[in-house]
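# Structural overview for review
Here's the letter readout for the chains.
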Amino acid sequence: MGNAWEIPVSDCSRDTRDSVYTDPTYNSQLKIAINEMFVEFIRIENVIHVFHKYNLRVLTEEDKEKITITDGDRERSRELLTRLAMYENWFNCLLDVLEDENVKLTHVASAFRNKRDDLNEKWLQEPEIEQDDCQVLKKEDRAPSSLIKENQRLKIKLEKEEGSHTQEKKLYKKCEEQLNNLKSDQATINKIRMEEKNNLETKLKLLKQDYEHEKKVRTETEAKMMEGVSKNDVSQSLEKLRQESEKLRRDYDNERESREDLESKIKVAEAEKLEMKHALEQEHQEKLDALKKDEKNALRGLKDEIRLLTSQLENVRKECDLKRKSCDDFEAKTKIIEAGK
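Cut-off values and rules
- Residues numbered from 1 in each chain as written.
- Predicted model: local features only at pLDDT ≥ 70, side-chain atom pairs only at ≥ 80, totals over all residues.
- Heavy atoms only, no water.
- Helix = DSSP H or I, 4+ residues; strand = E, 2+ residues; numbered from the N terminus.
- Contact = heavy atoms within 4.5 Å.
- Patch = residues over 30% accessible without salt bridge, like charges linked within 9 Å, V, L, I, M, F, W, Y side chains within 5 Å.
- Areas by Shrake-Rupley, 256 points an atom, 1.4 Å probe, with all protein chains shown as cover.
- Salt bridge = Lys/Arg side-chain N within 4 Å of Asp/Glu carboxyl O.
- Lys, Arg positive; Asp, Glu negative; His and termini not counted.
- Charge placed at Lys NZ, Arg CZ, Asp CG, Glu CD.
- Buried < 20%, exposed > 50% of the residue type's maximum accessible area, 1.4 Å probe, protein only.
- Arc of directions from axis to C-beta.
- Phe/Tyr/Trp six-rings, centres within 6.5 Å; stacked < 30°, edge-to-face > 60°.

If you check an unreviewed UniProt entry, the chain appears there as CARD domain-containing protein from Lymnaea stagnalis.

Structure representation (structure tokens):
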């Protein structure tokens, strides 16, 4: 693969603008800091096709081919990170890819950003920069170590500000898109409302026209009917109606009288029915009382007969006892006589 800072021959050359990622030592330390998480969470099939969406100068077709033919997911991820680190501004491009709506690895991007911030703080606190860290500078352009250190600090701060500015720009762009969508939706709603309003107004006008036309036709029809009827016909019709009204009144009076007679007859019949009911109830009660009285008398006679029979039975029992006693005496005397013989 050669030197880590030799860019592969391709159409996508390095970004020419100054960046802190041009420092080999810083670049190597940043790659080491994110290496484990990169290998653990990132799979090339999910991200490799997204890099050119944000930076056409990062990764060539040759890089992609060599990464793809590497065996093992973790080895492919490690190869991807190694080749990414060859390009300037690779880290910001990586963050953009991870935060892409199709990749959805924002939590990994946040972790990488924290790793970078920790490394930046470490670099800002270093007392000096070694001579080996300045190999990327041309020999004739080398400056004192204090200027190099200050330059590195300024570049790191610039990278931080650019990262923050990029996030703000994305957020602003997203808000602007949402606002445009809302405006578009509101315009569509207003358009639909106007169309509905116009339709309702049109229907209302048509209904009003239909009503006016029907009213006009009805008025004309009534006028024609009135013109075709003479006064004599009207008088005859009124007389006929009056006679029919009188007849209906007489029929009503007759019907009312008949109904009153019927009601009076019904009342008389109900009174007779009530009297008959009372008479039947009284007769039934009298018969019931007589039956109860007869039953009592019969019961009393039966009791007397039972009492008489009981007395007679007692007398018979006494007679039987006397006869049994006489028999016993006779048997005793017979035994005595037999014994005397």
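The structure having been displayed, the exposition proceeds.
### Structural notes on the environment of Cys-93
With respect to the secondary-structure elements, Cys-93 resides in helix α6 (residues 90-98). Spatially, the C-alpha atom of Cys-93 lies 9.1 Å from that of His-52, the residues being 41 residues apart in sequence. Beyond its immediate sequence surroundings of up to four residues, Cys-93 is in contact with Phe-51, Tyr-54, Asn-55 and Val-58.

### Observations regarding a negative patch on the surface
A contiguous patch of negative charge, built from Glu-257, Glu-260, Asp-261 and Glu-263, is present on the exposed surface. Turning to its location among the elements, Glu-263 is positioned in helix α9 (residues 231-340). According to the relative accessible area criterion, Glu-263 is partly exposed, its value standing at 42%.

### So, the side chain of Ser-77
Assignment of secondary structure puts Ser-77 in helix α5 (residues 73-84). In this structure Ser-77 comes out as buried when scored by relative accessible area, which is 0%. Leave out the neighbours within four places in its chain, and Ser-77 touches Phe-38, Val-39, Ile-42, Arg-43 and Ile-44.

### Some points on a positive patch on the surface
There is a patch of like positive charges on the surface, built from Lys-292, Lys-296, Arg-300 and Lys-303. In this fold, Lys-292 is placed in helix α9.

### Quick look at helix α4 (residues 61-68)
Where α4 is concerned, the buried positions are Asp-63, Lys-64 and Ile-67. Take α4 and look down its axis: the buried residues cluster within an arc of 95 degrees, on one side only. Opposite the buried face of α4, by more than 90 degrees, sit the exposed residues Glu-61 and Glu-65.

### Some words on the pattern of salt bridges
Inspection of the entire model under this criterion finds 17 salt bridges. Glu-75 is paired through a salt bridge with Arg-78; the nearest N and O atoms lie 3.1 Å apart. With a gap of three residues between them, Glu-75 and Arg-78 both fall in helix α5, about one helical turn apart. Accessibility expressed as a relative area gives 43% for Glu-75, which makes it partly exposed. The exposure class assigned to Arg-78 is partly exposed, which follows from its relative accessible area of 28%. When salt bridges with common partners are traced through the structure, they connect Asp-63, Glu-79 and Arg-83 into a single cluster.

### Observations concerning the packing of aromatic side chains
The full count for this structure, using the stated rule, is two aromatic pairs. Pairing Phe-38 with Phe-112 gives two aromatic rings, centres 6.3 Å apart and planes at 15 degrees, and the pair type is stacked. In this pair, Phe-38 is assigned in helix α1 (residues 24-41) and Phe-112 in helix α7 (residues 106-125), connecting sequence segments 74 residues apart. Measuring from centroid to centroid gives 5.6 Å for Trp-90 and Phe-91, while their planes differ by 90 degrees, and the two rings are edge-to-face.

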